[in-house]
Amino acid sequence: MANSFIRIVQNPILRSHLDRVASKTGIEFNDLELVSALSDEIIPTMIIFEIEMENSIEFISKWKEKWPKCFLAAAVTQPDRELWMAADAAGCDLVSNRGALPNLLRKKIVSFLDGIESLTPETVCLLTKSVVNEGDGLVARLPDNPEDPICVFRIEDEYYGIRDACPHAGFALADGEFDVTTGIVTCPEHGSRFNVHSGERIQGPADYSIKTYPVKVDGDDIYVYV
Ligand code: FES
């Protein structure tokens, strides 16, 4: 199947830099105006978009669910840490400021077309560090995962892995209070609340939900898939 590179970019400077990427790598962009304009008939290889576009965070999750192998690259114009983290948590593969994005994409596209690397990383299973806890609640942490710190909560026989960094200001949710009856963790710093089952934000000041990770338990060992 032919590769399909989708560009949903309105900024003229970024568009012209991406035109240069296209001519250097020999690809062609399929241009769309809005994130909502992408139809189900296309299976995209890569989608490049601007994070400040309306509903872009919501569409990242939808796209990843529909096309998990599609590479999602977001350009950020205004430095907004929370928006950046939200894009990352929603499953965006690359979030970069507008100036740096074309060059990063050029390298990525070249190594993909040359067959050197796939666009999206393969899922890996990582062993966490157990936290001594006989009951329900926090049972494991993975503080030094290169992508994100992760923590795992247990409720009876179910385990839930979440990103261990609050999208508001990055504090560790593992240090917050956890309600085993509702599955809600409260950020220790400013009180944002999240449901560990789904990552859903229940209460701010954080504006966005958190990423969740599948968990596997083998005897005393707890693994997360990232
Ligand atoms: S850092 Fe979590 S609510 Fe502010």
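These numbers come from a predicted model, not from an experiment.

So what's going on with the packing of helix α2 (residues 56–66) against helix α3 (residues 81–90)? Which residues, and what values?
The interhelical angle for the contact between α2 and α3, taken along N-to-C directions, is 15°, at an axis separation of 8 Å. One element, α2, and the other, α3, form an angle in the roughly parallel class. Both α2 and α3 take part in a crossing whose hand is right-handed. Contacts from Ile57, Ile60, Ser61 and Lys64 in α2 reach Leu83, Ala86, Ala87 and Ala90 in α3. Its residues assigned to classes, the contact of α2 with α3 shows 6 nonpolar, 1 polar and 1 charged.

Quick one: what's the story with helix α1 (residues 12–25), residue by residue and with numbers?
For α1, built from 14 residues, the straight-helix expectation of 20 Å at 1.5 Å per residue is met to within 8% by its first-to-last C-alpha distance of 20 Å. Listed in full, the buried residues belonging to α1 are Leu14, Leu18, Val21, Ala22 and Thr25. Considered in projection along α1, the buried side chains sweep an arc of 100° and stay on one side of the axis. Facing away from the buried surface of α1 by more than 90 degrees, the exposed residues are Pro12, Ile13, Ser23 and Lys24. Considering only its buried residues, α1 is in contact with β1 (5–8), β2 (29–31), β3 (46–50), β4 (71–76) and α4 (101–113). Taking the backbone nitrogen of Ile13 as reference, a side-chain oxygen 3.0 Å away marks Asn11 as the first, capping residue of α1. Note on α1: the residue one or two positions beyond its end, Gly26, has a positive phi of about 80°.

Let's hear about the packing of aromatic side chains: which residues, and what values?
Throughout the structure, instances matching the rule amount to 3 aromatic pairs. A connected cluster of aromatic rings, assembled from ring pairs, spans Phe49, Phe59 and Trp63. Here the guanidinium or amino end of Lys62 rests over the ring plane of Phe59, the centre of that ring lying 4.9 Å away. The ring of Tyr223 carries Lys216 above its face, with NZ or CZ at 4.9 Å from the centroid.

Give a description of the packing of α1 against α4 that names residues and reports values.
For the pair α1 and α4, interaxial distance at closest approach is 10 Å and the crossing angle is 25°. The angle between α1 and α4 falls in the class roughly parallel. Pair α1 / α4 crosses with right-handed handedness. Where α1 approaches α4, its residues Leu14, His17, Leu18, Val21, Lys24 and Thr25 are matched on the opposing element by Pro102, Leu105, Arg106, Ile109, Val110 and Leu113. The residue makeup of the contact of α1 with α4, split by class, is 8 nonpolar, 2 polar and 2 charged.

For the pattern of salt bridges, give the residues involved together with the corresponding values.
Inspection of the entire model under this criterion finds 11 salt bridges. Here Asp93 makes a salt bridge to Lys64, at a shortest N to O gap of 2.9 Å. With Asp93 in the loop between α3 and β5 (94–97) and Lys64 in helix α2, the pair connects residues that are 29 residues apart, well separated along the chain. Given a relative accessible area of 16%, Lys64 falls into the buried group. With a closest N to O distance of 3.2 Å, Arg141 and Asp175 form a salt bridge. Here Asp175 lies in the loop between β10 (158–163) and β11 (177–179) and Arg141 lies in strand β8 (residues 137–142), a separation of 34 residues in the sequence. Exposure remark for Arg141: the relative accessible area of 24% places this residue in the partly exposed category. Beyond isolated ion pairs, a larger network of salt bridges with shared partners links Arg7, Arg15, Asp19 and Asp31.

Please give an account of the domain arrangement of the protein that cites residues and values.
In terms of domain boundaries, the protein breaks down into domain 1 (5–113) and domain 2 (125–225). Here domain 1 and domain 2 have C-alpha centroids that lie 29 Å from each other. Counting residues at the interface gives 8 residues for domain 1 and 15 residues for domain 2. Each partner contributes to the roughly 820 Å² buried at the junction of domain 1 and domain 2, and carbon and sulfur atoms together form 52% of this total. Counting the surface domain 1 buries against domain 2, the share from its top three residues, Glu82, Met85 and Ala89, is 60%. Taken together, the connections running from domain 1 to domain 2 amount to 1 salt bridge. In this structure, the connection of domain 1 to domain 2 is made through 2 residue pairs in polar contact (both at pLDDT 80 or more). By residue number, the principal contributor to the side of domain 1 that touches domain 2 is α3, which donates 7 residues. Grouping the amino acids of the side of domain 1 that touches domain 2 by side-chain chemistry returns 5 nonpolar, no polar and 3 charged.

Definitions and limits used
Residues numbered from 1 in each chain as written. Predicted model: local features only at pLDDT ≥ 70, side-chain atom pairs only at ≥ 80, totals over all residues. Heavy atoms only, no water. Axes fitted to C-alpha atoms, helices over the stretch in contact; angles between N-to-C directions. Helix = DSSP H or I, 4+ residues; strand = E, 2+ residues; numbered from the N terminus. Parallel < 35°, antiparallel > 145°, perpendicular 65-115°, else oblique. Left-handed = near helix turned anticlockwise from the far one by under 90°. Contact = heavy atoms within 4.5 Å. Nonpolar A, V, L, I, M, F, W, Y, C, P; charged D, E, K, R; others polar. Expected span 1.5 Å × (residues − 1). Buried < 20%, exposed > 50% of the residue type's maximum accessible area, 1.4 Å probe, protein only. Arc of directions from axis to C-beta. Polar contact = N/O pair within 3.5 Å; in protein donor to acceptor, adjacent residues only side chain to side chain. Phe/Tyr/Trp six-rings, centres within 6.5 Å; stacked < 30°, edge-to-face > 60°. Lys NZ or Arg CZ within 6 Å of the ring centre and 35° of its normal. Salt bridge = Lys/Arg side-chain N within 4 Å of Asp/Glu carboxyl O. Domains from an automatic or database assignment. Buried area = accessible area lost by both parts, 1.4 Å probe.

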